[in-house]
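# Structural characterization, general
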Amino acid sequence: MLSPVYTCAMGNYTTANTVEEFRQHLAGVHARIAAACAKVGRDPSSVRLLPVSKTVPEARIRNAHAAGCRTLGENKVQEAHGKWQAMSDLPDLRWAIIGHLQTNKAKLVAEFASEFQALDSLRVAEALDKRLQTLGRSLDVLVQVNTSNEESKFGLPPSELEAFVKKLPVFSSLHVRGLMTLALFSDDAAKVRPCFVRLRELRGRLRQSAPDGVVMDELSMGMSGDYELAIEEGSTIVRVGQAIFGARKVPDNVYWPTSDEQA
Ligand SMILES: *Cc1c(COP(=O)(O)O)cnc(C)c1O
């Protein structure tokens, strides 16, 4: 059975518009992060909150920035790039790309992103590295893993992970920091939790075999509906959109293929 805390974390997200509303929502999420950490004896400072601002227009993002948001997660490269350009007057605002990337958009990411959390192919790694070398930039990256065993999900299958990671050190402008996953979409904690456990176990195994220069510290897992569970299972980065910005009208299948489409 679901505990009430997870039930009310699903849906019912109120919209934040003003700086004050953003402060309240951020404080609420930080309080829940702290409570989830307390439950399993973790230090709340070991969990980074990454606010996800996809679909949110510039004026509200500026208020989120004024309320303290300094790095924002975006799924689509073009949307993120446009926002980066529009808000270049905010030099301390950084952008994390958390969605699947096509090789032909690597150029854009190399230009402005400070981190890329969805690396899942050598072609993309190569395209990013080439561009970053030219620009004299580097990028923190996480390798995305498909932990839910759904055909439709982006990310590497766990069985390919070790061989993939061994090939990454040649891309010297990519700084590998850990792993990222999207859990199964379900309000049943018994189905979601195993995805998070799997990612933590994979990190443990990779720590034994990872080549020099590859750091396996970060576990980016947990979203508005499941970040407390993810923290219980060791998440170091939670990617939270709706619980901070408010409910999104755009359906999730715009951002990643959902299993509904397979049916
Ligand atoms: C949109 C998105 C999130 C945040 O989802 P919310 O339900 O808004 O918290 C997290 N991760 C990825 C990859 C996303 O695209």
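The structure under discussion appears in the preceding block.
In what follows, the accompanying structure is described. The numbering scheme is per chain: residues are counted from 1 as the chain's sequence reads. The model is predicted, so local features are restricted to residues of pLDDT at least 70 and side-chain atom pairs to those at 80 or more, both for listing and for counting; the totals for chains, interfaces and linings are taken over all residues. Each side-chain value is derived from all of the structure's non-hydrogen atoms; neither hydrogens nor water enter the calculation.

### Focus: helix H8 (residues 189–209)
The condition is simple: Segments assigned H or I by DSSP are reported as helices when at least four residues long, segments assigned E as strands when at least two residues long, and all are numbered from the N terminus. By definition here, a helix of n residues has an expected span of 1.5 Å times n minus one. Buried means the residue's accessible area, taken with a 1.4 Å probe over protein chains only, is under 20% of the maximum for its type, while exposed means over 50%, and partly exposed covers the values in between. Polar contacts, as used here, are pairs of N or O atoms within 3.5 Å; protein pairs need one atom able to donate a hydrogen and one able to accept it. Residues neighboring in sequence count only if both atoms are side-chain atoms.
An ideal rise of 1.5 Å per residue puts 30 Å on 21 residues; H8 measures up with 31 Å between its terminal C-alpha atoms. Residues of H8 that are buried include every one of Ala-189, Val-192, Cys-195, Phe-196, Val-197, Leu-199, Leu-202, Arg-203, Leu-206 and Ser-209, and no others. Its side-chain oxygen 3.0 Å from the backbone nitrogen of Ala-190, Asp-188 forms the N-cap of H8.

### Re the site of the ligand
The cut-off we apply is this: The near set for a molecule or strand comprises every residue that places at least one heavy atom within 4 Å of it. What sets the accessible areas is the Shrake-Rupley method with a 1.4 Å probe; for residues, cover comes only from the shown protein chains.
Near the ligand there are 13 residues, and of these Lys-54, Asn-75, Ser-224, Gln-242 and Arg-248 occur at the shortest range. In this structure, Arg-239 approaches the ligand through a side-chain N or O atom, which is 2.9 Å from a nitrogen atom. Here an oxygen atom of the ligand sits 2.8 Å away from a polar atom, N or O, in the main chain of Gln-242. When isolated, the ligand has an accessible area of 380 Å², and the protein chains bury 97% of it.

### With respect to the environment of Leu-139
Formally: Contacts were defined at the residue level, with two residues in contact if any of their heavy atoms lie within 4.5 Å.
Mapped onto the secondary structure, Leu-139 falls in strand S5 (residues 139–144). Residue Leu-139 is classed as buried on the basis of its relative accessible area, which comes to 0%. Spatially, the C-alpha atom of Leu-139 lies 9.6 Å from that of Phe-112, the residues being 27 residues apart in sequence. Leaving out residues up to four positions away in the same chain, Leu-139 has contacts with Val-109, Ala-113, Ser-114, Glu-115, Phe-116, Leu-128, Leu-132, Ser-173, Leu-174 and His-175.

Treat this as a map of the structure, not an account of what it does.
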